[in-house]
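Here are the chains, one letter per residue:
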Amino acid sequence: MSGTCLIAPNPDVAGIGVRIAIYAQNFLGFFPALAALRDKHVDEVELDALEAQSTTILIMALAILVTTIVEAAKNDFINYHTSIVLSLSWINNTNTFLYFLLWLHRKTTLSQERHNEATYSNEIEISVESPSISEHSAFTIEEERKVFDAKRELSSRLSQPAGIGNMGWWLDTLRTSLNTLARGEKRAVALSNANRGVDTIVNKEDTLLRQAQVTFQNTIDDVYASFHQLNAVFLLGSIHLTLMSAVGIWLWHSPTSFGASPPCSAAKQINLLGHPVHIGSLPLQIISLIMYSIFLVPFLNLVLPMAAITSLYIFCNRSRSSVLFSLLISS
């Protein structure tokens, strides 16, 4: 009641039981999400469970909005009850973006795992094909002298006749000289490979940069593929935002003449972020029209909130990495 203006109750919308049920359902919906994020890893089962939960709540929210549209078209709904429906719709929207947060974490984790695997494979390839120079730096002048002496000894023995009495000694000398030569050639080849590995190590940063670009492109491809496949939560969330915005524009275009609203309903107060505001308030009308217009277009209405969530997600991850780095440095 506001003054002498009487508003007929509508327990299907304004009833305390209905509102508590919606509040509790959305509040409890945060617990599965927090449980999934507890170990900083969201697997496919956890993501599917939250998708089913969010889909169920959004379908119910859509049913409420459709009922509101039908009742308002028949002049059986008033502005006060419609404002309550819109308030509940904002709460129901949290399921779309809660699911998006877990979905984003899942996709980011998968992209990071692919990046780590690619980096690890590249490091293994570098370590196999390009041994470190220090490992082969033992190929010294002394070893070169031994190879030269082995060649000279082998040439000297080959020029001598191989008699029956000294055949065993001659063969032992030949085998020793050949082994020395083989070791020398092997070390020379290893040193050559190490020198070639310098260029590979120098270019490692360019390789990692290309891998980072591939990882970013994979993330973009995952986002595009998910929208291309019309993920159920994103689809229902976008439709819900569009219907909610349509009802909001319909209401706030002319709040005093909406549906079966009595003229005195303009003085009725609603709570906006804990502050009482008259339904007939002109600033409230202007702000509401702007806000609902932003979320009217399907799919585009997801861009702004998802961009905000993504920015916050990136900021939190970078802040956490900076804290961990500072702790490691200080220790």
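Structure shown above.
The present account deals with the structure reproduced in this document.

Rules behind the numbers
- Residues numbered from 1 in each chain as written.
- Predicted model: local features only at pLDDT ≥ 70, side-chain atom pairs only at ≥ 80, totals over all residues.
- Heavy atoms only, no water.
- Helix = DSSP H or I, 4+ residues; strand = E, 2+ residues; numbered from the N terminus.
- Buried < 20%, exposed > 50% of the residue type's maximum accessible area, 1.4 Å probe, protein only.
- Contact = heavy atoms within 4.5 Å.
- Core = buried A, V, L, I, M, F, W, Y, C linked by side-chain atoms within 4.5 Å.
- Patch = residues over 30% accessible without salt bridge, like charges linked within 9 Å, V, L, I, M, F, W, Y side chains within 5 Å.
- Areas by Shrake-Rupley, 256 points an atom, 1.4 Å probe, with all protein chains shown as cover.
- Salt bridge = Lys/Arg side-chain N within 4 Å of Asp/Glu carboxyl O.
- Polar contact = N/O pair within 3.5 Å; in protein donor to acceptor, adjacent residues only side chain to side chain.
- Axes fitted to C-alpha atoms, helices over the stretch in contact; angles between N-to-C directions.
- Parallel < 35°, antiparallel > 145°, perpendicular 65-115°, else oblique.
- Left-handed = near helix turned anticlockwise from the far one by under 90°.
- Nonpolar A, V, L, I, M, F, W, Y, C, P; charged D, E, K, R; others polar.
- Phe/Tyr/Trp six-rings, centres within 6.5 Å; stacked < 30°, edge-to-face > 60°.

This part is about the overall build of the protein chain. The secondary structure content of the protein chain amounts to 13 helices and two strands. Counting over 331 residues, the protein chain shows a buried share of 33%. Expressed as a percentage of contacts within the protein chain between residues at least 6 apart in sequence, the contacts between residues at least 24 apart total 83%.

Okay, the nonpolar core next. The biggest cluster of nonpolar side chains holds 43 residues, and the ones touching the most others in it are Leu86, Tyr99, Phe100, Leu102, Trp103, Phe234 and Trp252. When residues of this core are traced back to their parent elements, those giving at least two are α1 (11-14), α3 (30-37), α4 (44-73), α5 (79-92), α6 (94-129), α11 (232-253), α12 (282-294) and α13 (303-330). With eight residues, α11 is the single largest residue contributor to this core.

So, on to a nonpolar patch on the surface. A cluster of nonpolar side chains, contributed by Leu282, Ile286, Ile290, Ile294 and Leu304, occupies part of the molecular surface with about 490 Å² of accessible area. By the secondary structure assignment, Ile290 is in helix α12.

Glancing now at the environment of Asn301. You can see Asn301 is positioned in the loop between α12 and α13. Placed 64 residues apart in sequence, Asn301 and Gly237 show a C-alpha to C-alpha distance of 9.3 Å. Ignoring sequence-local partners within four residues, the contact set of Asn301 consists of Ser238, Leu241, Thr242, Ile294, Phe295 and Leu296. A distance of 3.1 Å separates the side chain of Asn301 from the side chain of Ser238, its partner in a polar contact.

This part takes up the packing of α4 against α11. Across the interface, α4 lies against α11 with an axial gap of 9 Å and an inter-helix angle of 25°. With respect to each other, α4 and α11 are oriented roughly parallel. Crossing angle aside, the handedness with which α4 passes α11 is left-handed. Considering only residue class, the contact of α4 with α11 consists of 17 nonpolar, five polar and one charged.

This brings us to the packing of aromatic side chains. For the structure shown, the criterion picks out eight aromatic pairs. Where Phe27 meets Phe31, the ring centres are 5.6 Å apart and the plane angle is 85°; that geometry is what we call edge-to-face. Phe31 sits in the partly exposed class, given a relative accessible area of 46%. Here the aromatic rings of Phe100 and Trp103 are separated by 5.7 Å at their centres, their planes lie at 25°, and the arrangement is stacked. With Phe100 and Trp103 both in helix α6 and three residues apart, this pair spans about one turn of that helix.

On to unusual backbone geometry, then. Although it is not a glycine, Asn75 adopts a positive phi angle of roughly 60°. Note on placement: Asn75 falls in the loop between α4 and α5. Using a relative accessible area of 47% as the deciding quantity, one classes Asn75 as partly exposed. Of note, the phi angle at Phe299 is positive, near 70°, even though the residue is not glycine. Looking at the element boundaries, Phe299 is found in the loop between α12 and α13.

Here Thr256 shows up in the loop between α11 and β1 (269-272). The spacing of Thr256 and Ile279 is 23 residues in sequence and 8.0 Å in space, taken between C-alpha atoms.

In this section: the packing of α11 against α12. Packing of α11 against α12 leaves a shortest axis separation of 9 Å and a crossing angle of 155°. Between α11 and α12, the interaxial angle falls into the category roughly antiparallel. Where α11 crosses over α12, the handedness of that crossing is left-handed. Where α11 approaches α12, its residues Met244, Ser245, Gly248, Ile249, Trp252 and His253 are matched on the opposing element by Leu284, Gln285, Ser288, Leu289, Tyr292 and Ser293. Among the residues forming the contact of α11 with α12, the class breakdown is six nonpolar, six polar and no charged.

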